[in-house]
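A structural walkthrough
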Amino acid sequence: MTPRLTFHGAARAVTGSCFRLEAGAGQLLIDCGMFQGSKTEKELNYRAFPFRPDGIAAAILTHAHIDHSGLLPKLVKDGFAGPIHATAATADLASVMLPDSAHIQAIEVEQLNRRKARWSAAPVEPIYTGADADACLGLFRRESYGSWFDVLPGVRARFWNAGHLLGSASVEIEIAGAGAGPERPLRLLFSGDIGPDFKLLHPDPEAPRDLDYVVCEATYGDTDRPEATDASRRALLGEEVRAAIHPNGALLIPSFAVERAQELIVDLTRLMAEGELPQIPIHVDSPLASRATRIFARHARELEEGAGLLAGLRSRQVHFTETVEQSKALDRQQGFHIVIAASGMCEAGRIRHRLKNWIWRDEATVLFVGYQAEGTLGRILQDGASTVRIQGEDFPVRARIRSIDLYSGHADGPELAEWIRERLPIAREVFLVHGEPPAMDGLAARLAGVLDPDRVLTPVLDEGFELAPAGARSLPPAGAPRLPSERVARLDWHNDVSRLILDINDALADAADERARDVLIRRLRRALDDGGAEPRKRGS
Ligand SMILES: [Zn+2]
Ligand SMILES: [Zn+2]
């Protein structure tokens, strides 16, 4: 049978990475990630997989980020029982990240069900529980970088350093006898997520050349990041921290708990040690960051700057808040301090509590140090919203909102194009994934002189291809689309309604007097009634 590859996530969007490869007698998944964009996309996490989990013989995990690993426990819950191949550091990080993902769901579902109970609505179930996550962790197989391992009969794979996250890898796969010509294997490469050059903690990405097919991420395909060295990155961070200093204020850094928090500890403690910053208490307010930091310390010898991380962890200014009480006490902290809290896009975790305490105060600064996906609270703040809703409460935004883009774990457009160029010759197609459409177009344009444009493909969700030696052929859809492509990676109506309500509240608050408010409410009411709907009665 000609091998087939189907894109079940990260198709013209950045989350939910999941690629299904059918080769010979079996099927395997490369990543099985959670959708993290708009509510419409996130609902996909609750739906059945568009394939039979018990029909998958093995999985390969490129790295521990939840948008690549987060649905593996659901896969196991739904019947998958094969091995999950990953590097040792990825397996270690997954051992804290997957239970954490289950924990976040438990909290969210509990809150949601409390609301639903009030309206006698049916309760919802979490996507999976901590027990499912534990069962999944029992299936991990630790593989070394650079060593071939067997995945299915006739299919072998090996990991290459992707320089994106502790343990991150690109994965090279060979399918025996499926290449052009007798005896030749079909050679595939999945980039995973690729780190930038000069990334703190990791060497530059590596991968083989001379392939048949390449699947490459495109997160920042349309972006030219200014060239940054370790020194220039740290200098800019130092400037931002100095500008944020206020005797009664705080600097909140929403941060991924894994890798970004550790990079910030390295840079902030070094700036203090070098006298570029005064001594400032740094509170790492994330139980996951605390646990992940211990794993980084364990793998310090594999890291570039591992010694810098260990030195930072010994600093007297670095504090990890473990309990909820310690975390709450941060809101009473006197004097300027820095809080590093997850999640990085403000979608969950303790950062939301810290934002509720600080976002409406002009002595605070919120500094974004990573990518903010469309539809997240982080992106809404970054886009300059004047009010935001956090956990059902509305807050005016008075804190300074700042962004620096030097801590990205992702290669930018020129680096991605260079990564693909270094893979040449590529006999057949390059599939671009893990990017919003403008990013994919941007990367495709950069490849114009490198590859024939017809050979750069951007699959849609659940699109499958036959990987013939002569070239990829798109297959007709197997069923109704799970999500029409125009609704992937877009703000959906939930976002629109939230924004509309906030705008109405703003307008009412800004109205000159009670009369002006009455007029505005009457006009809105009329607009609703003119919208074709029957005049609404309150409470109906
Ligand atoms: Zn990643
Ligand atoms: Zn990713």
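Presented here is a report on the structure given in the accompanying data block. Residue indices begin from 1 for each chain and proceed along its sequence in written order. Just so you know, chain letters begin at A and ligand numbers begin at 1, following the order they were written in. A pLDDT threshold of at least 70 governs which residues receive local features in this predicted model, and a stricter bar of 80 or more applies before side-chain atom pairs are shown or counted, although totals over entire chains, interfaces and linings include all residues. Side-chain calculation: all heavy atoms of the structure are included, whereas hydrogens and water are not.

A run of DSSP states H or I qualifies as a helix once it reaches four residues; a run of E qualifies as a strand once it reaches two. Both are numbered from the N-terminal end. Between the first and last residue of a helix there are one fewer steps than residues, each counted as 1.5 Å, and that sum is the expected span. Its 17 residues give helix H16 (residues 514-530) an end-to-end C-alpha distance of 24 Å, which sits within 8% of 24 Å, the value for a rise of 1.5 Å per residue. Each polar contact in these results corresponds to two N or O atoms within 3.5 Å; when the atoms are within protein, one needs to be able to donate a hydrogen and the other to accept it, and residues that are neighboring in sequence are counted only if both atoms are side-chain atoms. With a side-chain oxygen lying 3.2 Å from the backbone nitrogen of Arg515, the N-terminal cap of H16 falls on Asp513.

Because water is not among the atoms used, a metal site may look incomplete, as its donors are only the N, O and S atoms within 2.8 Å, or 3.2 Å for Na, K and Ca. Summarising the metal site, the zinc ion (ligand 1) is bound by the protein donors His63 (NE2), His65 (ND1), His164 (NE2) and Asp193 (OD), whose distances to it range over 2.2 to 2.4 Å. Here the zinc ion (ligand 1) binds four donor atoms, and the angle range of 92 to 165 degrees at the metal identifies the geometry as irregular. Read from N- to C-terminus, the donor residues coordinating the zinc ion (ligand 1) fall into the pattern H-x1-H-x98-H-x28-D. Between the zinc ion (ligand 1) and the zinc ion (ligand 2), a spacing of 3.4 Å is present, and a bridge between the two is formed by Asp193. Of the two residues, His164 sits in the loop between strand S8 (155-161) and strand S9 (169-175) while Asp193 sits in the loop between strand S10 (186-190) and strand S11 (213-217), which places them 29 residues apart along the sequence. For the pair shown, His164 and Asp193 are each scored as buried. Any site counts as irregular unless it has four donors with all angles between 85 and 135 degrees, making it tetrahedral, or four or six donors with opposite ones more than 155 degrees apart and the rest between 65 and 115, making it square planar or octahedral. Relative accessibility thresholds used throughout: buried, under 20% of the residue-type maximum; exposed, over 50%; partly exposed, between the two (1.4 Å probe, protein chains only).

With respect to the element layout, Leu251 can be found in strand S12 (residues 250-254). Taking relative accessible area as the criterion, Leu251 reaches 0% and is therefore assigned buried. Considering only alpha carbons, one finds Leu251 and Val339, 88 residues apart in sequence, at a separation of 6.2 Å. It only takes one pair of heavy atoms within 4.5 Å for two residues to be counted as in contact. Aside from chain neighbours lying at most four places away, what touches Leu251 is Val241, Ala244, Phe336, His337, Ile338, Val339, Thr365 and Leu367.

Okay, the coordination of the zinc ion (ligand 2) next. Put simply, the ideal angle at a metal is 109.5 degrees for four donors in tetrahedral geometry and 90 or 180 degrees for six donors in octahedral geometry. The protein atoms that coordinate the zinc ion (ligand 2) are Asp67 (OD), His68 (NE2), Asp193 (OD) and His434 (NE2), at distances spanning 2.1 to 2.3 Å. Within one chain, the residues serving as donors to the zinc ion (ligand 2) are arranged as D-H-x124-D-x240-H. Looking at Asp67, the relative accessible area reads 9%, which means it is buried. Judged by relative accessible area, which is 2%, Asp193 ranks as buried.

Right, let's talk about the sheet that holds strand S3 (residues 26-30) for a bit. The strand order across the open sheet built from eight strands is S6-S5-S4-S3-S2-S1-S22-S23, with neighbouring strands paired in mixed fashion. With one partner strand each, in any of the chains shown, strand S6 (140-143) and strand S23 (471-474) form the two edges of the open sheet. Going across the sheet, the axis of each strand differs from the next one's by a mean of 25 degrees, ignoring polarity. Pairing between strand S1 (residues 4-7) and strand S2 (residues 19-23): four bridges, direction antiparallel. Paired with Thr6 across the strands is Arg20, a residue of S2. A strand pair is defined by DSSP finding two or more bridges across the two strands. Here, axes are lines fitted to C-alpha atoms. For helices the fit covers the stretch in contact, and angles between N-to-C directions go from 0 to 180 degrees.

This brings us to the sheet that holds strand S21 (residues 456-457). Across the sheet, seven strands lie side by side as S7-S8-S9-S10-S11-S20-S21; this open sheet has mixed pairing. Because the sheet does not close on itself, it has two edges, and the strands there are strand S7 (149-152) and S21. Where S7 lies against S8, three bridges are found, and the strand directions are antiparallel. Its bridge partner being in S8, Asp150 is matched across the sheet by Arg156. Against the sheet, helix H13 (residues 413-421) engages S9, S10, S11 and strand S20 (430-433), with an angle of about 165 degrees to S11. Strands in contact with helix H14 (residues 437-446) are S11, S20 and S21; relative to S20, the strand with the most contacts, it is inclined by about 150 degrees.

What follows covers the environment of Ala106. Along the polypeptide, Ala106 turns up in helix H4 (residues 88-118). For the pair Ala106 and Tyr128, spaced 22 residues apart in the sequence, the C-alpha separation amounts to 8.6 Å.

Note on ring pairs: Phe, Tyr and Trp rings are taken, using the six-membered ring of Trp, and paired if centres are within 6.5 Å. Classes follow the plane angle, with under 30 degrees stacked, over 60 edge-to-face and the rest tilted. Applying the stated criterion to the full structure yields nine aromatic pairs. Between Tyr220 and Tyr371, the ring centres sit 5.7 Å apart and the planes meet at 80 degrees, which makes this aromatic pair edge-to-face. Within this pair, whereas Tyr220 is found in the loop between S11 and helix H6 (230-244), its partner Tyr371 is found in the loop between strand S16 (364-368) and helix H12 (377-382), the two being separated by 151 residues in sequence. An aromatic cluster of three or more residues is present, and its members are Phe7, Phe19, Phe190, Tyr213, Phe431 and Phe465. In this structure, Arg361 packs its charged tip against the face of Trp358, placed 4.1 Å from the ring centre. Charge-over-ring contacts are defined here by two conditions on Lys NZ or Arg CZ: a distance within 6 Å of the ring centre and an angle within 35 degrees of the ring normal. Residue placement shows Arg423 over the ring face of Trp419; its charged tip is 5.0 Å from the ring centre.

Among the nonpolar cores identified, the biggest contains 72 residues, and Leu93, Phe140 and Ile338 are the most heavily contacted of them. At eight residues, the largest contribution of residues to this core is made by H4. Phe140 has contacts with Leu61, Leu72, Ile84, Ala86, Ala91, Ala94 and Leu98, leaving out every residue within four places of it along the chain. As used here, the term nonpolar core means buried Ala, Val, Leu, Ile, Met, Phe, Trp, Tyr and Cys residues forming a set that is joined through side-chain atoms within 4.5 Å. If you look at the next biggest cluster of nonpolar residues, it comprises 31 residues, including Leu21, Ile30, Ala169 and Val433.

Moving on, we get to the pattern of salt bridges. A pairing counts as a salt bridge when a side-chain nitrogen of Lys or Arg comes within 4 Å of a carboxyl oxygen of Asp or Glu. All told, the structure shown has 32 salt bridges when counted by the stated rule. In this structure, the salt-bridge partner of Asp405 is Arg225, at a minimum N-O distance of 3.9 Å. Of this pair, Asp405 sits in the loop between strand S19 (400-403) and H13 while Arg225 sits in the loop between S11 and H6, placing them 180 residues apart in sequence. The exposure class of Asp405 is partly exposed, given its relative accessible area of 29%. Relative accessible area serves as the criterion here: at 13%, Arg225 is assigned to the buried category. Salt bridges linked by common partners bring Arg156, Arg158, Glu172, Glu174 and Arg187 together as one network.

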